[in-house]
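# Per-entry structural report
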Amino acid sequence: MDLLAQILINGILLGGLYAVMALGLALVWGVLNIVNLAHGAFIMLGGYLSWHLYTYLGIDPFLGLPITAVVMFGLGYCLQRGVLNLIVRAPMFNTLLITFGLEVVLTYLAQMAFSADFRTINPSYAGSNIALGPVVIPMARLMAFGVAVVLTVGMWLFLLHSRLGRAIRATAQNLVAARLYGVEPRHLYAMTFGIGIGLAGAAGGLYGTVSQIDPYIGATLTAKSFAIAIIGGLDNPLGVLVGGLVLGIIESLTVLYIGATFGDVASFGVLVLVLIVRPSGLLGKTA
Amino acid sequence: MSNRTLRLAGAILGAAAILSCAPAMAEDIVLGASVQLTGPVANTGRYYRDAYQFTIDKINEAGGIKVGDKQYKLALKLYDNQSDVNLSVRQYTQLVSQDKVNLLLGPFASNFALADSAVSEKYQIPMVQGGGASDQIFSRKFKYIFGTLAPASNYFGSTVSMMKELDPKPKSVALLYADDAFDVSVAEGTRPLLKDAGFTIALDERYTSNASDFNSLLSQIKNANVDVVLVAGHETEILNFVRQAKSLSVAPKFYSFTVGVPSEDFRKALDKDANYAFGMTAWLPSAKLKDKWFGDAETFAKEYKAKFGYDPDYHAASGAADVEALAQALENAGTLDPKAVRDAIAKLNFDSLYGTIAFGENGQIDLAQTVIQIQDDKLVAVYDAKGFVEKPKYPMPAWNAR
Amino acid sequence: MAETTLQEARATGSARLEWALVAIGIAALIAAPFFFYPVFLMKMLCFALFACAFNLLLGYTGLLSFGHATFFGGAAYFCAHAVKVWGWPPEAGILLGTAGAAVLGLVMGFFAIRRQGIYFAMITLALAQMFYFFCVQAPFTRGEDGIQGVPRGHLFGLLDLSQPHNIYYTVLGIFLIGVFAIWRIVNSPFGMILKSIRENESRAISLGYSVANYKLAAFVMSATLAGLAGATKALVFQFATLTDVTWQMSGEVILMTLLGGIGTMVGPIVGAGLVVTLQNTLATSGFPVTIATGLIFMVCVLVFRRGIVGEIYARLLTSVGTGKKE
């Protein structure tokens, strides 16, 4: 029983981390219709940024998250304006190709710049934990989970209530109508992409505190984010949180009851099931 | 239009032909290899690239090697296999059939060596590889593959012997291993060792390579309250394992890992948390290991560090030994004929910076593993074939009692 | 009216040109092994066929599958296992691999065709990942090591395939048969219906076609031909490994097809040739391969939006069009 409680806690905390990873991907996908295959690479860059801030400037990774997010936002904004705007209305295939190219280039540049060594962001509290009776809650994961919830709810409120957020949602639903209301799409696209990449950067910082960063983590993280975004649905940031939690819990339980090699199968099984039964995601509007 | 396409295709094919036909320098003996310079295992692949080049340069500085009555220099033809097995097979095929290299050096990792040795066997060009330890590589009765890593099945051999002598003696063991050729071999070899030594295997779990979340497995370890945890995996998984063990307060009396512990990278990434971790190495940079070209292993390590900026570990030493084995065998054979060189390799028996190089019947070297532990941020040899070298820090204290 | 005759005239003209080019192409392929490294050429042919098979689905039916590695790699495993372990002759191994891919295609297609667009892609990806996992675990694939040292044997008990030229011409034959089959499918009434589904699915439904069945048929055909390419590849390289069933392999074939140009017969062949050549030259040149490939993809997307061949076709058509008008 204690073990089950512990595993559930593990799954929930893991799910929170998953949710932050997928948040930016889902936003960009939902609004710009770009399936960003380089998303994981941006998480990786965010991780390195946090690592540098922590190692060379001594900035705590959690306090450094806003810095990382802002820098990554800038990068995303520029990339969208400079490169990706050229293909924003192009077929999905082309966006796949270009973001794939981007992922390859970013990964390679990261290896040149940072070497293939593993980097960990290891502040003193990273290994500490809170014991609740027999159940242990790792500190760093709990904090990451907290950040995840704050970011998700923040995104949700932002999209629902702020002017920019409404404009973004309007563009996602109907570009022509949004234009009539004076929305400037190029700026808006760049803002959206920037926010998406900023979120990826923040996720990278969190990832570095609970796991380690090397130039090649991107592809796996993209795949994971993908699955989460689909399970949760693209319409609503809260869906992504649900998707992350579902995946985290299922993976943890699978490892416990079936075996450690079956974690991935379980998550893809859930993915197929969701796609067949509820293709717009658990919290998405039914098709 | 399609003319243009054709011309484009023609130009590309032409360029391909020119690039792939670049001639090797005359009067050099060319050693070919394909190594992971990029991709997820580039981190370890670099040991081989650097060790190969370093040793070849060193031998050339000393005037090269004498084969028959002719003096030759060595040259290296190295490709990057991008951590892709298929690509590495193609590159080895290219090395032997197109580039016509004289002899082959190996890639890193068992699954690569396993695939690539099929090429050397087919073309009957000997390959001496220091990156694949899985027993499967050597159980196929291949004649042209030689390995300088100790057998995977015996990686935990010395560790299990030491566990028997620990006080208090541990009882239950958890064995975790990744699902690739090398680690499966390790697990298969370790199970009978543990049983024979009277330990109970409380948890025996295979996990997916590159797994990043060990929380569930760690919770099970904690729940089963095992004394010893043995992990056969890759460095990235082991780093995750240790960090997550700390964050969940999982502290068995003893844990040991197949890779990572000897490398500097590991200690840097974990900092103080690396302490108490056990591991094994078949090589330590000791001045007792004499070498024809480097003097001894200590000098090798020093010069290596000065040149590349990081400490060599057993991968690097094994890579260097591969080059030396080929050089020595060429001199002994007195000819460049691959078959004669193959026979000379099989008969080798010489001292190198890596230890005595002499291959068994199956082509694999047999070196004893020394148990090592990280004590106060330093790598310490604690147990070898002769017994305890240094007192192990055992049992490992709880994470909050360090 | 004038527009149609113009198009017809152009069509017959370009058809003649195309036939000439096809003849030249085949002649070049027959002569090629005397000038180039046969293994490299065979790799190109296998991937070209794979890309053409993929294009049958993406280019002519409009379905983006992210799981085609399953058919390519699965067929490679079946063929390698049959030839190596059961000692089957090569032609039987290839047939088994192809048939196995067809079955896998039927299963995957059954689930996938219920969804469209990116959701279709996702189902195929997820199912392909599950097949990958099956391959990691199943004993007959020998996990990470794959099936090594597959003998090439004698084709129909006569032709010794261990001879480089024999195997090359066998592979070329398979390639030509495969491409011809695709060409026949595309230009049959069946192919026309597929194209109409691609252009306007609801219209096709309202015309009374059972779209789901057509899609499934196209999916299975594409899978079968991809399997043919995979099984042949297993014989050429004499091994079948996990790399062939990874999602990266699915990604690679997408890239080849898009790079060449979807919905054209030649496009995927050019794309495959380009990608394989790039990989080979760069991988053996010491030049940083990965970054070059990445940059090339990005540039291609920005410059040739319809793929290289697609773009050339489009430019040609517009230039001919404007030329006639002037």
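All values reported here derive from a predicted model rather than from experimental measurement.

Turning to the interface of chain C and chain A, a few remarks are in order. The interface is formed by 30 residues belonging to chain C together with 33 residues belonging to chain A. Summing the contributions of chain C and of chain A, the shared interface buries around 3200 Å²; its carbon and sulfur component is 85%. Here chain C is connected to chain A by zero salt bridges. Connecting chain C to chain A are two residue pairs in polar contact (both at pLDDT 80 or more).

Next up on the list: the domain arrangement of chain B. Residues and elements named next belong to chain B. In terms of domains, chain B is made up of domain 1 (25-150 + 285-357) and domain 2 (154-281 + 369-401). Domain 1 puts 16 residues into the contact, and the matching count from domain 2 is 14 residues. Taking both sides of the interface into account, the surface hidden between domain 1 and domain 2 amounts to around 1100 Å²; carbon and sulfur atoms contribute 49%. The interface formed by domain 1 and domain 2 contains zero salt bridges. Of all the secondary structure elements, the ones that give two or more residues to the side of domain 1 that touches domain 2 are α2 (42-61) and α4 (110-123). A total of three residues in the side of domain 1 that touches domain 2 trace back to one element, the largest contributor, which is α4. The residue makeup of the side of domain 1 that touches domain 2, split by class, is seven nonpolar, five polar and four charged.

Among soluble globular proteins, nonpolar side chains are generally buried collectively. Phe42(A), Ile65(B), Ile221(B), Phe241(B) and Tyr354(B) are the most contacted members of the largest nonpolar core, which totals 332 residues. Sorting elements by how many residues they give to this core places helix α2 (residues 38-61) of chain C first, with 19 residues. Both domain 1 (25-150 + 285-357) and domain 2 (154-281 + 369-401) of chain B contribute no fewer than three residues apiece to this core. Not counting chain neighbours up to four residues away, the residues in contact with Tyr354(B) comprise Thr148(B), Leu149(B), Ala282(B), Trp283(B), Leu289(B), Tyr314(B), Ala317(B), Ser318(B), Ala321(B) and Leu367(B).

Moving on, we come to the environment of Lys307(B). Residues and elements named next belong to chain B. Mapped onto the secondary structure, Lys-307 falls in helix α10 (residues 297-308). Sequence separation of Lys-307 and Val-226 is 81 residues, and the distance between their C-alpha atoms is 44 Å. Not counting chain neighbours up to four residues away, the residues in contact with Lys-307 comprise Phe-54 and Asp-57.

Residues and elements named next belong to chain B. Inspection of every chain in the model, using the stated rule, returns 44 aromatic pairs over all chains. Pairing Tyr-47 with Tyr-310 gives two aromatic rings, centres 5.5 Å apart and planes at 70 degrees, and the pair type is edge-to-face. In this pair, Tyr-47 sits in helix α2 while Tyr-310 sits in the loop between α10 and α11 (314-333), placing the two residues 263 residues apart along the sequence. Note on accessibility: Tyr-47 and Tyr-310 belong to one class, buried. Taken together, a centroid distance of 6.1 Å and an interplanar angle of 80 degrees make the contact between Trp-283 and Phe-300 edge-to-face. Placement of Trp-283 in the loop between β11 (278-281) and β12 (290-291) and of Phe-300 in helix α10 is noted, with a sequence separation of 17 residues between them.

The next subject is the interface of chain B and chain A. Taken together, the contacts link 35 residues of chain B with 35 residues of chain A. If you sort the residues of chain B by the area they bury against chain A, Ser216(B), Arg243(B) and Ser247(B) come out on top, with a joint share of 21%. Counting across the interface, chain B meets chain A through two salt bridges. Across the salt bridge formed by Asp213(B) and Arg141(A), the nearest N and O atoms sit 3.0 Å from each other. Only α2, β8 (200-207), α7 (215-224), α8 (235-247) and α9 (264-270) of chain B provide two or more residues apiece to the side of chain B that touches chain A. Looking at the side of chain B that touches chain A, the element that brings in the most residues is α8(B), giving eight residues. For the side of chain B that touches chain A, the class distribution of residues is nine nonpolar, 15 polar and eleven charged.

Glancing now at the side chain of Ser219(B). Tracing the sequence through the fold places Ser219(B) in helix α7. Reaching out from Ser219(B), the side chain makes a polar contact with the side chain of Asn10(A) at a distance of 2.9 Å. Looking at Ser219(B), its side chain comes within polar contact range of the main-chain oxygen of Asn215(B), at 2.8 Å. The residues contacting Ser219(B), other than those within four sequence positions of it, are Leu3(A), Gln6(A), Ile7(A), Asn10(A) and Leu248(B).

What counts and what doesn't
Residues numbered from 1 in each chain as written. Chains lettered and ligands numbered in written order. Predicted model: local features only at pLDDT ≥ 70, side-chain atom pairs only at ≥ 80, totals over all residues. Heavy atoms only, no water. Contact = heavy atoms within 4.5 Å. Buried area = accessible area lost by both parts, 1.4 Å probe. Salt bridge = Lys/Arg side-chain N within 4 Å of Asp/Glu carboxyl O. Polar contact = N/O pair within 3.5 Å; in protein donor to acceptor, adjacent residues only side chain to side chain. Domains from an automatic or database assignment. Helix = DSSP H or I, 4+ residues; strand = E, 2+ residues; numbered from the N terminus. Nonpolar A, V, L, I, M, F, W, Y, C, P; charged D, E, K, R; others polar. Core = buried A, V, L, I, M, F, W, Y, C linked by side-chain atoms within 4.5 Å. Buried < 20%, exposed > 50% of the residue type's maximum accessible area, 1.4 Å probe, protein only. Phe/Tyr/Trp six-rings, centres within 6.5 Å; stacked < 30°, edge-to-face > 60°.

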